[in-house]
Amino acid sequence: MKGLLLGLSFISLNVWADPTALTADFKSLLKRYGVGSASDQAYCYQEDNKVQGYQVDRLQRIASVTKLFTTYLASETLDLHKRYKTKIFISGDKMHIQGSSDPYFEEEKMLLLMQALNDAGYTSFSQVTFDKNLIFSDQALSAHMDITPSYTRGRLAAYLNAKNASYVRTKWREISKFAAEEGVDLNASKVPSLTAKTVTLVEKNPLLTESPIILEHTSKPLHSILKSMNVMSKNIVAQNVYLESSKIKTFDTLMKEKGIASTSFKIYNGSGLPMKGQKRLDNLASCRLVLNIVDALNSSLKKHNLVLVDVVAINGGEDLGSFRTRFEDYPDTYQAVISKTGTLMHASSLAGVLLTEKVVPFAILNHTTKVAQSRNFQDNFVARMFHHLGDAVPFDYSKISIFPWDNSSFLTEPSLTKISQRAK
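A brief structural summary. Note that the coordinates shown come from a computational prediction; the quantities given were computed from them, not determined experimentally.

### Looking at helix α7 (residues 222–232)
Every α-helix winds through 3.6 residues per turn, so residues three or four apart in the chain are directed the same way. Most of α7 sits out of view: 10 of its 11 residues are buried. Inspection of α7 places Leu222, His223, Ser224, Ile225, Leu226, Lys227, Ser228, Met229, Asn230 and Val231 among the buried residues, and these make up the whole buried set. On its buried side, α7 packs onto α3 (66–77), α8 (235–246) and β11 (337–344). Where α7 terminates, the next one or two residues include Ser233, which has phi positive at roughly 50°.

Okay, here's the thing in structure tokens:
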């Protein structure tokens, strides 16, 4: 099956679904689940290079399905095996963080950094500085927001303030549970504690002339970050990846190069969150374009020696996130749907591939406020798609951990033993 995914070619087996019958199922299930008017919905699939479905060229809100677009943009512009190296400089009771634009530096990494420094003998600093390449956030967003250096400073200061010990303790328990689910053993009872009198953004490292101790954190490879991003639908990570990729080539430019009309999409950010202002703006795309992106992503991943399941969730309960409990009522689909979900007010989406004897890209784009009903509808309709297109062929999936650390040393060079001795 991995070979099949690597060579997504939609070979003809002379077995065709009846699109009329499938569309009839689509409309019938919409009514049964009370999702909304059929005129506001769309679905599509690609069989033997032919797009079938209902309202396949209608622009729809795609919500977090946007992250498939971001993943494709990254695959076309970045090395998916690259790692980000964040450096820590320490001189006496002063610390400087040299960022690496690591797209996944959230509360997990901040708390692990604090823990590593505690293990090395550090508990407080008079001064902590950082540069603009450190992008840190620990808060969920309901609308798009730029993560500025000023915002990063505020969040760093919150973690390095003894008055917020209760908040830090709660976050530590949350990430310890997350780590345990991903096979990483953290000591949940040993809460990290690190304080700083001042936290300041600087243009230049103020410790370079002081012969500082230098530590380094190396991220997981970018493809693992993309897997985490898609499984957990991490909006800030997606925007960070989108911005890094866009410095090389914008999404609009990539689409133009691929011969895709600009009328088939409106993409404002890399996460799919709405842009709030005088008028709400959402990422929009046609169902046909979503299929194009899924197909193009699968082909693009080949040059990185990767396949879709390396960067996108698979159903069956092994991957965490919103996809974990999907299709529980349809066991015949077990590990045969590789896709991304998306949910916003007025939008519920699902897109990826169905694994039959062929690999079938598909998308379901619902315009609705009935989120729970639309998810149930989508699960049922995907089962009906298998009924029409062919039996599910499960992928032999080995779980990929989405925790951003793999239980190796969080900080290296020099060893923590030497650092601890020098700290004392």
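### Comments concerning the pairing of strand β1 (residues 41–47)
One face of the sheet, then the other: side chains in a regular strand alternate in exactly this way. For β1, a buried count of seven out of seven residues is recorded, marking the element as mostly surrounded by other parts of the structure. Judged by which residues are buried, β1 turns out to be covered on both faces: Gln41, Tyr43, Tyr45 and Glu47 on one side and Ala42, Cys44 and Gln46 on the other are all buried. In this structure, β1 lies alongside strand β13 (residues 359–366), joined through five bridges in antiparallel fashion. Pairing of Gln41 across the sheet is with Asn366, part of β13.

### With respect to the packing of aromatic side chains
Applying the stated criterion to the full structure yields 16 aromatic pairs. Ring centres 5.1 Å apart and planes at 80° place the aromatic pair Phe178 and Phe403 in the edge-to-face group. With Phe178 in helix α6 (residues 165–181) and Phe403 in the loop between α11 (371–389) and α12 (416–423), this pair connects stretches of sequence that are 225 residues apart. Its relative accessible area of 10% is what places Phe178 among the buried residues. Above the face of the Phe327 ring, Arg326 is positioned so that its terminal group lies 5.8 Å from the ring centre.

### Re the sheet that holds strand β5 (residues 94–98)
Strand order in the open sheet formed by five strands is β7-β6-β5-β4-β8, and the pairing between neighbours is mixed. Strands with a single pairing partner mark the edges of an open sheet, and in this sheet they are β7 (195–201) and β8 (213–218). Across the sheet, the mean angle separating the axes of adjacent strands is 20° when strand polarity is ignored.

### Topic: the environment of Gln41
Within the secondary structure layout, Gln41 lies in strand β1. Classification of Gln41 as buried rests on a relative accessible area of 0%. In this structure, the C-alpha to C-alpha distance between Gln41 and Lys258, residues 217 residues apart in sequence, is 27 Å. Discounting chain neighbours no more than four positions away, the residues touching Gln41 are Phe26, Leu30, Val35, Gly36, Tyr54, Gln55, Gln60, Leu365, Asn366 and His367. For Gln41, the side chain forms a polar contact with the main-chain oxygen of Ser37, separated by 3.0 Å.

### Re the sheet that holds β1
Ordered by their spatial adjacency, five strands build an open sheet running β2-β1-β13-β12-β11, and the pairing between neighbours is antiparallel. At either margin of the open sheet sits one strand with a lone partner, and together these are β2 (50–54) and β11. With strand direction ignored, the average angle separating the axes of adjacent strands in the sheet is 10°. In the packing of α11 onto the sheet, contacts are made with β1, β11, β12 (347–355) and β13, and the angle to β12 comes to roughly 25°.

### Focus on unusual backbone geometry
Look at Asp48: it is not a glycine, yet its phi comes out positive at around 55°. Structurally, Asp48 can be placed in the loop between β1 and β2. Taking the relative accessible area as the measure of exposure, Asp48 reaches 15% and is therefore buried. Positive phi, normally seen in glycine, also occurs at Ser233, with a value near 50°. Tracing the backbone shows Ser233 in the loop between α7 and α8.

### What about the nonpolar core?
Core analysis: the largest hydrophobic core is formed by 119 residues, its most contacted members being Phe69 and Val290. For Phe69, the residues in contact, after removing those within four places along its chain, are Ile62, Phe251, Ile267, Ala285, Leu289, Val290 and Ile293.

### Digging into the pattern of salt bridges
In total, this model carries 23 salt bridges according to the counting rule given. Linking Lys82 and Glu244 is a salt bridge whose minimum nitrogen-to-oxygen distance equals 2.7 Å. Of this pair, Lys82 sits in the loop between α3 and β4 (85–91) while Glu244 sits in helix α8, placing them 162 residues apart in sequence. Take Lys82: its relative accessible area is 26%, and that puts it in the partly exposed class. When salt bridges with common partners are traced through the structure, they connect Glu47, Asp48 and Lys358 into a single cluster.

Criteria and cut-off values
Along each chain, residue indices are assigned from 1 in the same order as the chain's sequence is written. In keeping with the predicted nature of the model, local features appear solely for residues at pLDDT of at least 70, side-chain atom pairs appear and are counted solely at 80 or more, and the whole-chain, interface and lining totals rest on all residues. Water and hydrogen atoms were dropped before computing side-chain values, which therefore reflect all heavy atoms in the structure. Throughout, exposure labels follow a simple rule: accessible area from a 1.4 Å probe, protein chains only, divided by the maximum for the residue type, with under 20% read as buried, over 50% as exposed, and the rest as partly exposed. Each helix is a run of DSSP H or I of at least 4 residues and each strand a run of E of at least 2, with the numbering of both proceeding from the N terminus. By definition, residues are in contact when any of their heavy atoms lie within 4.5 Å. When DSSP locates at least two bridges between a pair of strands, those strands are taken to pair. Each Phe, Tyr or Trp ring (for Trp, its six-membered ring) is paired with any other whose centre lies within 6.5 Å, and the angle between the two planes then decides the class: stacked below 30 degrees, edge-to-face above 60, tilted in between. A ring is considered to have a charge above it if a Lys NZ or an Arg CZ atom is located within 6 Å of its centre and within 35 degrees of its normal. Convention adopted: a line fitted to C-alpha atoms gives each axis, helices being fitted over their contacting stretch, and angles between N-to-C directions are expressed from 0 to 180 degrees. We define a polar contact as two N or O atoms separated by no more than 3.5 Å, with the added condition that, inside protein, one atom must be a possible hydrogen donor and the other a possible acceptor, whereas residues neighbouring each other in sequence contribute only through side-chain atom pairs. Throughout, nonpolar core names a set of buried Ala, Val, Leu, Ile, Met, Phe, Trp, Tyr and Cys residues whose side chains join them through atoms within 4.5 Å. A carboxyl oxygen of Asp or Glu within 4 Å of a side-chain nitrogen of Lys or Arg is what we treat as a salt bridge.

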